Amino acid sequence: QVQLVESGGGSVQAGGSLKLSCAASERPYSRSVMAWFRQGPGKDREFVALTRYRGGSEFYADSVKGRFTISRDNPKNIVYLQMDNLKAEDTAVYYCARGEQYTTDREAYNSWGQGTQVTVAS
């Protein structure tokens, strides 16, 4: 099974930017879906963004639309999440995930990273 490792989390001021990375141990299937989820304290894990590994069909949660961008570096097996204009409510542990279904449902994803903490100070 492919293993995923997130990095790039940290603390940033409101209005600032941060870029997360998700490195895969092996090249995912070309039709696999790569996604980002997040989980705040005392909250359920919620969908943030997704893309097909081969590119295209990017989709975002309404709460981050226009501020976050998901992208890929396929030769390096890396998926990125560029986060701009960060808000206090973006504070959470961010997870990358891989699945075979184009969906925002976390239950459909079968590979997960360990998570990286993002803290936005207001």
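About the criteria used
- Residues numbered from 1 in each chain as written.
- Predicted model: local features only at pLDDT ≥ 70, side-chain atom pairs only at ≥ 80, totals over all residues.
- Heavy atoms only, no water.
- Core = buried A, V, L, I, M, F, W, Y, C linked by side-chain atoms within 4.5 Å.
- Buried < 20%, exposed > 50% of the residue type's maximum accessible area, 1.4 Å probe, protein only.
- Helix = DSSP H or I, 4+ residues; strand = E, 2+ residues; numbered from the N terminus.
- Contact = heavy atoms within 4.5 Å.
- Polar contact = N/O pair within 3.5 Å; in protein donor to acceptor, adjacent residues only side chain to side chain.
- Pairing = 2+ DSSP bridges.

## Side note on the nonpolar core
Here's step 1: Membership of the largest hydrophobic core comes to 33 residues, with the highest contact counts inside it found for Leu20, Trp36, Val48, Phe68, Leu81, Met83 and Tyr94.
Here's step 2: A per-element tally of this core places strand β4 (residues 33–39) first, with five residues.

## Thoughts on the side chain of Asp90
Here's step 1: Tracing the backbone shows Asp90 in the loop between β8 (78–83) and β9 (92–99).
Here's step 2: Those residues within four positions of Asp90 in sequence are excluded, and the remaining contacts are Arg38, Arg67, Phe68, Asn85, Val118 and Val120.

## Re the side chain of Thr51
Here's step 1: In this structure, Thr51 sits in strand β5 (residues 46–52).
Here's step 2: Owing to a relative accessible area of 0%, Thr51 belongs among the buried residues under this scheme.
Here's step 3: At 3.5 Å, the side chain of Thr51 forms a polar contact with the side chain of Arg72.
Here's step 4: For Thr51, the residues in contact, after removing those within four places along its chain, are Ser32, Val33, Met34, Gly56, Ser57, Glu58, Ile70 and Arg72.

## Considerations on unusual backbone geometry
Here's step 1: One non-glycine residue with positive phi stands out, namely Asn77, at about 55°.
Here's step 2: If you trace the backbone, Asn77 turns up in the loop between β7 (68–73) and β8.
Here's step 3: Look at Asn77 and you get buried, because its relative accessible area is 16%.
Here's step 4: The backbone of Asn85 shows a phi angle near 50°, a positive value even though the residue is not glycine.
Here's step 5: With respect to the element layout, Asn85 can be found in the loop between β8 and β9.

## What about the pairing of strand β11 (residues 116–121)?
Here's step 1: Of the two faces of β11, the one lined by Thr116, Val118 and Val120 is fully buried and the one lined by Gln117, Thr119 and Ala121 carries no buried residue.
Here's step 2: Two elements, strand β2 (residues 10–13) and β11, share four bridges in a ladder whose sense is parallel. Each residue of the ladder has a partner; that of Val12, found in β11, is Val120.
Here's step 3: Direction of pairing for β9 relative to β11: antiparallel, over a ladder of three bridges. Within β11, the position partnered with Ala92 by the bridge is Val118.

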